[in-house]
Amino acid sequence: MSRPVIIFTFAGREPNMRLQEPFIRRILEDHSEVSWDIWDLARDPVDSAYLRTIEGERITVRTQFAGDEPWRRFDDVYRFYADEKYRDHVFVKGDDDLVFIETKRFADFISAVQPNMVLSAKVVNNGSSTPLEPGLNRVFRDLHMPLLDVHLKSKFAVRCHHYFFDHVEKMLEQPIAMHPIRDWLSINWIAYDWRMACKFASLLGTPSPGHIAGRVFTRRAKLGDEGMVNTLPRTIFQGMTVCHLSFGPQERNYPQSGWDELRARYAEIGQEYLA
C-alpha cells in the first residue's frame, strides 16, 4: 500500500469493540501507513468511558461528536474527512459490531480501491453479499424472504453466523474478484478515496431520490449515509471476508443470551485466526 489509510469506526458497544479491537491492532502492526480513528458515538456512558481507554500508536479516540443522540452526528464524521489535508488518503469505514475481519487480505482490499467507487468487503450478514456466497444464498432462499428484508430477521443473522462457523476455512482466502452490484449495500465495511469523501460530504442531507436500489423514499426524505452510498457506483471485493454481528431489528427479535453465545464463538475463532 502506498497511500495513507484511515480506518474509522462508528464506535459504541463495548462487547463488540472488544472483539473488533484485536483485528484492527493486527492491521496496524502489519501496515505502518494505517491509523485508526475511534469515534465515540456511544449511547451508553459506560460504553463511552470504555472507548476512551483504548490507546496505542496511530490510534485516536475522537470525542468531538459524543453526547446526546450521537447517531445524529454520523454525517459530521463523514464530512470530517473531506478536509483538503486528507486528499492523499484512503478511508475504511467500519461499524462497531464487526466481529471478524480477514486481516491478511487488507492490503489487497485497499489496493482495489478506485476513483468514483465505493468498495465493500464480502460481509457475512449483509444482503448484497449474500448472493455471492452459494452457501449463504441457500440460507437466504430457505427462509423465503425478500433480499431487502434480511436486516429485519434474526433467523437470517443467526443462520449466516453458524454457516460461517461451520465453513471458516472455505470463507477465508477466497479467490479475489470484483463484483459491481445494483443491490442495496449495507455499509458495514467500505473503502473509498478522498474525492469520494468529498462527494459524500456534498450529498449527505440532500433530498433523496424516490427510488434507491429497490427502496422507496418519500419526497421529504433526506439522504443518510446508507441511502447516499446506494446512489453511487459500488463494488463488492470477494477475497476479504468480514462478519457483521447484527442489525438493530435483528437484535430485538433474538435473546441477548443468543448474541452473547455468538460473540463467544467469534472470540474463539478470532483468537485462532490471529494466532
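Above this note sits the structure.
Overview of the structure. Model, not experiment: these values are computed from the prediction.

**Remarks on the nonpolar core**
Here is step 1 of the chain: Of all hydrophobic cores here, the largest spans 62 residues; its most connected members are Phe-106, Phe-164 and Trp-189.
Here is step 2 of the chain: In terms of residues, this core owes the most to one element, helix H6 (residues 154-166), which gives seven residues.
Here is step 3 of the chain: Ile-6, Trp-39, Val-77 and Met-196 belong to the second largest nonpolar core, which has 29 residues in total.

**Points about unusual backbone geometry**
Here is step 1 of the chain: Despite not being glycine, Asn-116 shows a phi value in the positive range, around 55°.
Here is step 2 of the chain: On the secondary structure map, Asn-116 appears in the loop between helix H4 (106-111) and strand S6 (118-124).
Here is step 3 of the chain: Unlike most non-glycine residues, His-144 shows phi in positive territory, near 50°.
Here is step 4 of the chain: Looking at the secondary structure, you find His-144 in the loop between helix H5 (134-142) and H6.

**Quick notes on the pattern of salt bridges**
Here is step 1 of the chain: Following the criterion strictly, the structure yields 18 salt bridges and no others.
Here is step 2 of the chain: Its salt-bridge partner being Asp-97, residue Arg-13 comes within 3.7 Å of it at the nearest N-O pair. Highlighted residues: Arg-13 in the loop between strand S1 (5-11) and helix H1 (14-30) and Asp-97 in the loop between strand S4 (90-95) and strand S5 (98-101), separated in sequence by 84 residues.
Here is step 3 of the chain: Beyond isolated ion pairs, a larger network of salt bridges with shared partners links Arg-13, Asp-96, Asp-97 and Glu-251.

**Quick notes on the packing of H1 against helix H11 (residues 256-274)**
Here is step 1 of the chain: H11 packs onto H1 with a crossing angle of 10° between their chain directions and a minimal axis gap of 10 Å. When the axis of H1 is compared with that of H11, the two are roughly parallel. For the pair H1 and H11, the crossing hand works out as left-handed. Between H1 and H11, the residues in contact are Pro-15, Asn-16, Leu-19, Pro-22, Phe-23 and Arg-26 and Arg-263, Ala-267, Gly-270, Tyr-273 and Leu-274, respectively.
Here is step 2 of the chain: For the contact of H1 with H11, the per-class residue count stands at seven nonpolar, two polar and two charged.

What counts and how
- Residues numbered from 1 in each chain as written.
- Predicted model: local features only at pLDDT ≥ 70, side-chain atom pairs only at ≥ 80, totals over all residues.
- Heavy atoms only, no water.
- Core = buried A, V, L, I, M, F, W, Y, C linked by side-chain atoms within 4.5 Å.
- Buried < 20%, exposed > 50% of the residue type's maximum accessible area, 1.4 Å probe, protein only.
- Helix = DSSP H or I, 4+ residues; strand = E, 2+ residues; numbered from the N terminus.
- Salt bridge = Lys/Arg side-chain N within 4 Å of Asp/Glu carboxyl O.
- Axes fitted to C-alpha atoms, helices over the stretch in contact; angles between N-to-C directions.
- Parallel < 35°, antiparallel > 145°, perpendicular 65-115°, else oblique.
- Left-handed = near helix turned anticlockwise from the far one by under 90°.
- Contact = heavy atoms within 4.5 Å.
- Nonpolar A, V, L, I, M, F, W, Y, C, P; charged D, E, K, R; others polar.

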